[in-house]
Amino acid sequence: MFQGWLKIEHICPSCGLDYDFAAPDDGPAFFALCFVAFPLLFLVVGFEVMLRPPWWIHLLVSLPLMTLPCLLALRPIKGWLVASQYVNRAQEAGTEASWAELNARVRSGRPDQR
Ligand SMILES: [Zn+2]
């Protein structure tokens, strides 16, 4: 479902699903912060409080410990959010008519790919 690191394919190469509905926006970053960065922050703060290392140790240990897991979590979280949007037919409440009109306009502007 991905082309590259985080960019979503336009159409699924396996089943032909049109990914036009997929708009996880900043959801992956938000959930990576909540589920990964926030718990790791306690580890890093505990490291600082208990051992009082010099600042450059934080640069070598804490910075990679905080950033790498967050970056690695973005892709599976984005996949999960897109799958959730598909399964739940997610759209912003009250915008059904606007979405239908927008999708009709977009679809009439290019050949139908379904
Ligand atoms: Zn597919």
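Numbers given to residues run from 1 along each chain, matching the order in which its sequence is written. pLDDT decides what is reported in this predicted model: residues at 70 or higher carry local features, side-chain atom pairs at 80 or more are listed and counted, and totals for whole chains, interfaces and linings draw on all residues regardless.

This next bit is on the overall build of the chain. For the chain, the helix and strand inventory stands at 3 helices and 0 strands. Under the scheme used here, helices are H or I runs from DSSP no shorter than 4 residues and strands are E runs no shorter than 2 residues, and both carry numbers assigned from the N terminus. Ordered by position from the N terminus, the helices and strands of the chain form the series α-α-α. Reported as C-alpha extents along the three principal axes, the dimensions of the chain are approximately 65 × 30 × 20 Å. Per-residue burial over the chain gives 6% buried out of 114 residues. Note on contacts: each residue gets a C-beta atom placed from the backbone, and two residues are in contact if those atoms are within 7 Å. In the chain, the share of contacts with a sequence separation of at least 24, taken over all contacts with a separation of at least 6, comes to 64%. Counting other C-beta atoms within 10 Å of a residue's C-beta gives its exposure: the residue is buried at 20 or more, exposed at 12 or fewer, and partly exposed in between, where C-beta atoms are placed from the backbone.

Before going further, it helps to spend a moment on helix α1 (residues 27–51). Expected span of a helix, by definition, is 1.5 Å for each gap between consecutive residues, and there is one gap fewer than residues. Under the 1.5 Å per step criterion, the end-to-end length of α1 is 35 Å for 25 residues, consistent within 8% with the ideal 36 Å. At L33, α1 is bent by approximately 40°, the largest bend along its length. Within α1 the residues assigned to the buried category are P28, A32 and V36. On the buried face of α1, the contacting elements are α2 (55–88). Of the residues trailing α1, R52 is marked for its positive phi of about 45°. One fitted axis covers the seven residues ending at a residue, a second covers the seven starting there, and the bend at that residue is the angle between these axes.

What pLDDT expresses is the predictor's confidence in each residue, scored from 0 to 100. Counting all residues, the mean pLDDT for the chain is 90, and 96% of those residues have values of 70 or more. Within the chain, the element-level pLDDT minimum falls on helix α3 (residues 96–108), averaging 79, and the maximum on α1, averaging 96.

Another aspect to go through is the environment of V49. With respect to the helices and strands, the residue V49 is situated in helix α1. In this structure V49 comes out as exposed when scored by C-beta crowding, with 8 C-beta atoms within 10 Å. Placed 21 residues apart in sequence, V49 and C70 show a C-alpha to C-alpha distance of 23 Å.

This part takes up unusual backbone geometry. If you check the backbone angles, D25 has positive phi at about 50° while not being a glycine. Position of D25 among the secondary structure elements: in the segment before α1. Of note in this structure, R89 is not a glycine but carries a positive phi near 50°. In this fold, R89 is placed in the loop between α2 and α3. Its 7 C-beta neighbours within 10 Å are what place R89 among the exposed residues.

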